[in-house]
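What the coordinates show
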Amino acid sequence: MSFELQCPVPRFNHETIQMAHGAGGVLSRELTRNVFLPCFGNSALDLLDDQAKLSIGAERFAFTTDTFVISPIFFPGGTIGDLAVNGTVNDLAVGGAMPLYLSAGFVLEEGFPLVDLQKVVRSMADAACKAGVQIVTGDTKVVERGQCDGIFINTSGLGVIKNGIDISCINLKPGDSIIVSGTLGDHGMAVMAAREGLSFQSEIISDTMSLCELISEILDEVPEVHAMRDPTRGGLAATLNELAEASGKGIVLEESAFPVRPDVQGACELLGIDPLNVANEGKVVVAVPRQSAGKVLRIMQQQTYPSAGNAAIIGEVVDDHPGMVIIRTLLGSRRILEMPLGEQLPRIC
Amino acid sequence: MKFIDEYRNSDRARGILEKIEDTVTKPWTIMEICGGQTHSIIRNGIDQLLPDEVRLIHGPGCPVCVTPLEILDRALSIVSKPGVILASFGDMLRVPGSRETLLAARSRGADVRVVFSPLEALKIARENPHHEVFFLAVGFETTAPGNAMAVKQAARENLQNFSELVSQFMVPPAMRTILSSENNLVQGFLAAGHVCTVTGYEEYERIGEEFHVPIVPTGFEPVDILSGILRVIQMLESGVCGVHNEYGRVVSREGNPVARKVVDEVFHVTDGLWRGIGVIPRSGLLLRKEFSSFDAEKKFNVVGIQSDESPLCKSGEVLRGMITPESCEAFGKECTPSMPLGAPMVSAEGACAAYYKYHWKAL
């Protein structure tokens, strides 16, 4: 009997999975394009938004999933549990959906302390409560010691999309302003600082939080928002490159406008990392027609989360250089903001 | 941030650019030695802002780029042995060896760990007494003191499961080689600020006199680099050679005597094989005889491993300043940061990577 592969098998640069395949950069994109899309491709998935948008009858839903393997599981400002809830909730919210229900799947390592599990689960319950979602189904698996690192969590989420809201990365239009909701790189740097072996003193705390309230306030007042993303893995650089590529538009950013905390900047200088490549877990990037940008910025700046006051308009969408993100430097020259290649340091989210 | 913001100040930078425009009367070619400076120049678009008369060419001062292929192949060979842990600066992990990278070796099960200092590698050795731990001791005068210190400390603690695979280089012999070359284009240098922090600049004064060139140690921020360029041009225009220190906030004439002493205690000077450039006499460092038990090449008997470069890769010409990265035929085609042919496309300090990442005109 002959065996035929159903999917086209493209050429690979790597024969085995590398850490960078999971880092949200170029290699993650290759994996999606070359392995998953050829086999799973469909109209909802092919958009490669952070969530699938689905219609059942007259209702529109958003559906998403995410898996959390962070080390350490407790870090300044949060736990793996906070991330698992907020990450999925935010992926729904940036699609313009009101998150309603989550699932939670746990892979636990033999010997993992029960007291740590309770702490993680409590943090999930608190985060769900704050985001206004319920965890309505779940699953637990235990693997032998050494087969996972303590605890891995998968969450999936379901939300409803209100009428009149159409948010997608393909909707970017020339003239749109690009706005970020606060300082960049806080989560990734808080985790790196807390990791074993990185022994600099730091008070950087993760920005992990639900974006539901902020986004619903923005959409209530400014329904004409074109695109939203939460710049998690790969940071702002990955997110904006994905937006530019999906929409076929160019993006120009002002280097002077990036909000970065001085201690995050300092830690990045020390480690040789660009804060624009560092993960955030409680920030949103919004593309909105220029005339509405001021309104969105005001809404962000009136919030009470720690860096709300640092929300800023950082650039705009242009017709030039489609698919590319360009930074106007402090000196007035221009440089490319590249899609991060891969691993900054392993397992930041 | 103190010591950063004032050196990224755009008004100051523009002021210096105007002075450069006012000063320059004829074409000059300046080499920035250090890859960190190259990245800053391209990242900040300084090359786009300079007057046409000023040509910058990028020097060989990228530690990852000049580490010979056989060092990587030797590291790959050692780390594939059971019970061995390799500790390395993160940058080395993506550099292609003859067959694969250290990252690929790690994905196949090799124990490769990223550290930020050789002293962390010592810690791994202490914590894993039944493993052999070796550190990839690469770099210039900047990394040599730390790498020497780690060996000295290991000797003091009698830590017999620690060793270093050494590929250390020194900048001044490379400058002499460039200046002595028949095709030399370089008329003045921006010297690498952090190297001079350790070594001081007396040796540079001798090179400046001997070859009649201006040499200006400077830093890495836009204002530092532009001040350095302005100073080199002022010296060139007025026919002055020798050293003028523009990085006074960290560089002194005598350097750091404590760091120099420990390097001298642990290493001796030898000929150095630079990737892409070849052998430069008396430009390398090796462990002294009394520390030879910490020499990974000897311990694991890998000295015999020799390697050949990809014929497509023109990194040698890039590293000698003969061509710019984008004039290499493989640039952006066969050679990209995700599939690099040569080390300059990988490293955070590599000129090819800087052009690929940031350069508006190169693409």
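Since this is a predicted model, take the numbers as computed values, not measurements. (Residues numbered from 1 in each chain as written. Chains lettered and ligands numbered in written order. Predicted model: local features only at pLDDT ≥ 70, side-chain atom pairs only at ≥ 80, totals over all residues. Heavy atoms only, no water.)

A tally of helices and strands in chain B yields 16 helices and 11 strands. On the principal axes, the C-alpha backbone points of chain B span a range of 65 × 45 × 45 Å. The 363 residues of chain B split such that 57% are buried. A total accessible area of about 14800 Å² is found for chain B, and carbon and sulfur atoms account for 50% of it. When the 37 basic and 45 acidic side-chain charges of chain B are each reduced to a single mean position, those positions are 5 Å apart. (Helix = DSSP H or I, 4+ residues; strand = E, 2+ residues; numbered from the N terminus. Buried < 20%, exposed > 50% of the residue type's maximum accessible area, 1.4 Å probe, protein only. Areas by Shrake-Rupley, 256 points an atom, 1.4 Å probe, with all protein chains shown as cover. Lys, Arg positive; Asp, Glu negative; His and termini not counted. Charge placed at Lys NZ, Arg CZ, Asp CG, Glu CD.)

All names here are of chain A. Considering the arrangement of structural elements, one finds Arg29 in helix α1 (residues 26-40). For the pair Arg29 and Met339, spaced 310 residues apart in sequence, the C-alpha to C-alpha distance is 10.0 Å. Apart from residues no more than four positions distant in its own chain, Arg29 is found in contact with Glu245 and Met339. (Contact = heavy atoms within 4.5 Å.)

Attention now moves to the sheet that holds strand β12 (residues 312-318) of chain A. Sheet strands pair via backbone hydrogen bonds, and the direction of the pair is either parallel or antiparallel. Residue and element names in this part refer to chain A. The 7 strands are arranged β9-β11-β8-β12-β10-β13-β14 in an open sheet whose pairing can be described as mixed. Looking at which strands have only one partner, the edges of the open sheet turn out to be β9 (227-229) and β14 (334-336). The sheet shows a mean angle of 25° between the axes of neighbouring strands, taken without regard to direction. As defined by bridge partners, strand β10 (residues 250-254) adjoins β12 across 4 bridges and the pair is classed as antiparallel. Residue pairing in the sheet places Val252 in a bridge with Glu316 of β12. (Pairing = 2+ DSSP bridges. Axes fitted to C-alpha atoms, helices over the stretch in contact; angles between N-to-C directions.)

Looking now at the pattern of salt bridges. The tally for this structure, following the rule as stated, stands at 34 salt bridges over all chains. The network of salt bridges with shared partners includes Asp49, Asp50, Lys53, Arg229 and Glu242 of chain A. (Salt bridge = Lys/Arg side-chain N within 4 Å of Asp/Glu carboxyl O.)

Under the criterion given, the structure shown has 8 aromatic pairs over all chains. Between the aromatic rings of Phe169 of chain B and Trp274 of chain B, the centroid separation amounts to 4.7 Å while the plane-to-plane angle is 35°, which identifies the pairing as tilted. Residue Phe169 of chain B is located in strand β6 (residues 162-169), and its partner Trp274 of chain B is located in strand β10 (residues 267-274); the two are separated by 105 residues in the primary sequence. For the residue pair Phe169 of chain B and Trp274 of chain B, the accessibility class agrees, reading buried in each case. Feature note: the residues Phe140, Phe169 and Trp274 of chain B constitute an aromatic cluster, connected by ring pairs. In this structure, Lys119 of chain A is placed above the aromatic ring of Phe74 of chain A, and the distance from its NZ or CZ to the ring centre is 4.2 Å. The ring of Tyr7 of chain B carries the charged tip of Arg249 of chain B above its face, separated from the ring centre by 3.4 Å. (Phe/Tyr/Trp six-rings, centres within 6.5 Å; stacked < 30°, edge-to-face > 60°. Lys NZ or Arg CZ within 6 Å of the ring centre and 35° of its normal.)

Residue and element names in this part refer to chain B. Split by domain assignment, chain B resolves into domain 1 (5-64 + 171-243) and domain 2 (66-169 + 256-299). Relative placement of domain 1 and domain 2: their C-alpha centres are 30 Å apart. Contacts between domain 1 and domain 2 engage 15 residues on the former and 20 residues on the latter. Of the roughly 1400 Å² buried at the junction of domain 1 and domain 2 (both faces included), carbon and sulfur atoms supply 68%. The largest contributions to the domain 1 side of the interface with domain 2 come from Pro63, Val64 and Val198, which together make up 43% of the buried area. Linking domain 1 with domain 2 are 0 salt bridges. Our enumeration of links across domain 1 and domain 2 arrives at 8 residue pairs in polar contact (both at pLDDT 80 or more). Those elements that provide at least two residues to the side of domain 1 that touches domain 2 are β2 (54-61), α4 (63-66), α9 (171-180) and α10 (193-199). Residue composition of the side of domain 1 that touches domain 2, by class: 10 nonpolar, 5 polar and no charged. (Domains from an automatic or database assignment. Buried area = accessible area lost by both parts, 1.4 Å probe. Polar contact = N/O pair within 3.5 Å; in protein donor to acceptor, adjacent residues only side chain to side chain. Nonpolar A, V, L, I, M, F, W, Y, C, P; charged D, E, K, R; others polar.)

All names here are of chain B. Pairing of β6 with strand β11 (residues 278-287), which is carried by 2 bridges, proceeds in the antiparallel orientation. Bridging across to β11, Phe169 finds its partner in Gly284. Where β10 meets β11, 7 bridges bridge the pair, whose relative direction is antiparallel. Note on β11: the bridge partner recorded for Leu273 is Val279. Between β10 and the antiparallel strand that follows it, β11, lie 3 residues; Gly276 among them carries a positive phi value of about 85°.

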